[in-house]
Amino acid sequence: MGGDAAGPIPTEQHDFSLWEKRVDALMVIASSKGHFTVDGLRRVLEDMSPQSFETMTYYERWIASVNQNLIESGVYTTAELAARMSDVAARGATYGEASHE
Amino acid sequence: MPHDHHDHLSPSGHPYRPDDDHPLTYWQQMEIAIREILIEKGVTTAAEINAQIDAMDARSPANGAAVVARAWTEPAFRDDLLRDASAASASMGFDIGPMKLIAVENTADVHNVIVCTLCSCYPRNLLGLPPDWYKSRAYRSRTVKEPRKVLAEFGVDLPDHVTVRVHDSTADMRYIVVPARPDGTDGWSADQLAALVTRDSMIGTGLPKDPGAIAQTPR
């Protein structure tokens, strides 16, 4: 990415939402406990297609990478994740509703 | 049409935070699922996650400004900072963990600017979370290619004789810029000087505030 042509630098700033801060916290906690490294986080980010950088937000890419690393290190399986994601979606249509069991 | 807030009450009867009432996205669904699995498996706890978010929210560029102001007023600390910035900032209570932090000093002849071309590596222990523009494709692409033009967009116009050094951060190595102490600040205390040190001046995309524009309070 470094050295590629690009337009003006965007100046908008957004406040981090709760879910974004949680992704950041999960990354810091899981890596500090040895489940993966910052290099592991970046390896998955760098493997993503250029299109991912256009269509996904920053913390969307991070949670995708955190997930990949945790599955690789055996913390949980894809089946466990799929089952839990179904449970989450069944709770409600908004982030707040889906956050409460 | 106004929102019907009765549809937005949590099980405890409180309204959800504003950013919680948007339609659930696939990636948010994944975050909730991963967080719950990690708690169930004993990797972390809800309290630990909340504490980590609180610690993140508490970090701000004021930390970095305190370090810079001390380097401006204590030559021995400046030397320590330039030799081993991880240890020097840890001695002020700003622990960077296992990462290596390198302080680069601006002078009359050299201007430093930091970037992370691959992602968003940033001296978070001293500056808090990076601003959105630092993570933007445009900043990351162009800063290594045309730094003077990028700096000019931020309002930093450097004379031709000033060398621009661009430092590309990595996962394990972060940089912080020590801006040059503004003229006209002789006799200022470290606290007074810290008020001049902006976030962008420690990234290199800005300069310290004009001392003439800061009302000095007697100490």
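Residues numbered from 1 in each chain as written. Chains lettered and ligands numbered in written order. Predicted model: local features only at pLDDT ≥ 70, side-chain atom pairs only at ≥ 80, totals over all residues.

Asker: Hey, could you go over the overall build of chain B for me, with residue numbers and the actual values?
Answerer: Secondary structure assignment for chain B yields 10 helices and four strands. Start at the N end of chain B and walk to the C end: the helices and strands fall as α-α-α-α-α-β-β-α-α-α-β-β-α-α. Buried residues in chain B amount to 34% of all 219 residues. (Helix = DSSP H or I, 4+ residues; strand = E, 2+ residues; numbered from the N terminus. Buried ≥ 20, exposed ≤ 12 C-beta atoms within 10 Å, placed from the backbone.)

Asker: Lay out the environment of D157 of chain B in plain terms, naming residues and giving numbers.
Answerer: Residues and elements named next belong to chain B. With respect to the element layout, D157 can be found in the loop between α8 (147–153) and β3 (163–168). The class of D157 is exposed, set by 8 C-beta atoms lying within 10 Å. In sequence terms D157 and T143 are 14 residues apart; their C-alpha atoms lie 14 Å from each other.

Asker: Any details on the interface of chain A and chain B? Residues and values, ideally.
Answerer: Interface size is commonly expressed as the accessible surface area that is lost when the partners come together. Contact with chain A, which involves 55 residues of that partner, is made by 52 residues of chain B. Looking at the side of chain A that touches chain B, the elements with two or more residues in it are α1 (18–32), α2 (38–47), α4 (58–72), α5 (78–91) and α6 (95–98) of chain A. Top contributing element to the side of chain A that touches chain B by residue count: α1 of chain A, with 11 residues. A breakdown of the residues in the side of chain A that touches chain B according to their chemical character gives 30 nonpolar, 13 polar and 12 charged. (Contact = placed C-beta atoms within 7 Å. Nonpolar A, V, L, I, M, F, W, Y, C, P; charged D, E, K, R; others polar.)

Asker: Quick rundown of the nonpolar core? Include the residues and the values.
Answerer: Within the largest apolar cluster, 37 residues are counted, with the highest numbers of intra-cluster contacts made by V68, A69, I176, V177, V197 and M202 of chain B. The biggest single contributor to this core is helix α3 (residues 61–73) of chain B, with seven residues. When neighbours within four sequence positions are excluded, V68 of chain B is seen to be in contact with V178, P179, V197 and M202 of chain B. If you look at the next biggest cluster of nonpolar residues, it comprises 22 residues, including W62, V66 and A98 of chain A together with L24 of chain B. (Core = buried A, V, L, I, M, F, W, Y, C linked by C-beta atoms within 7 Å.)

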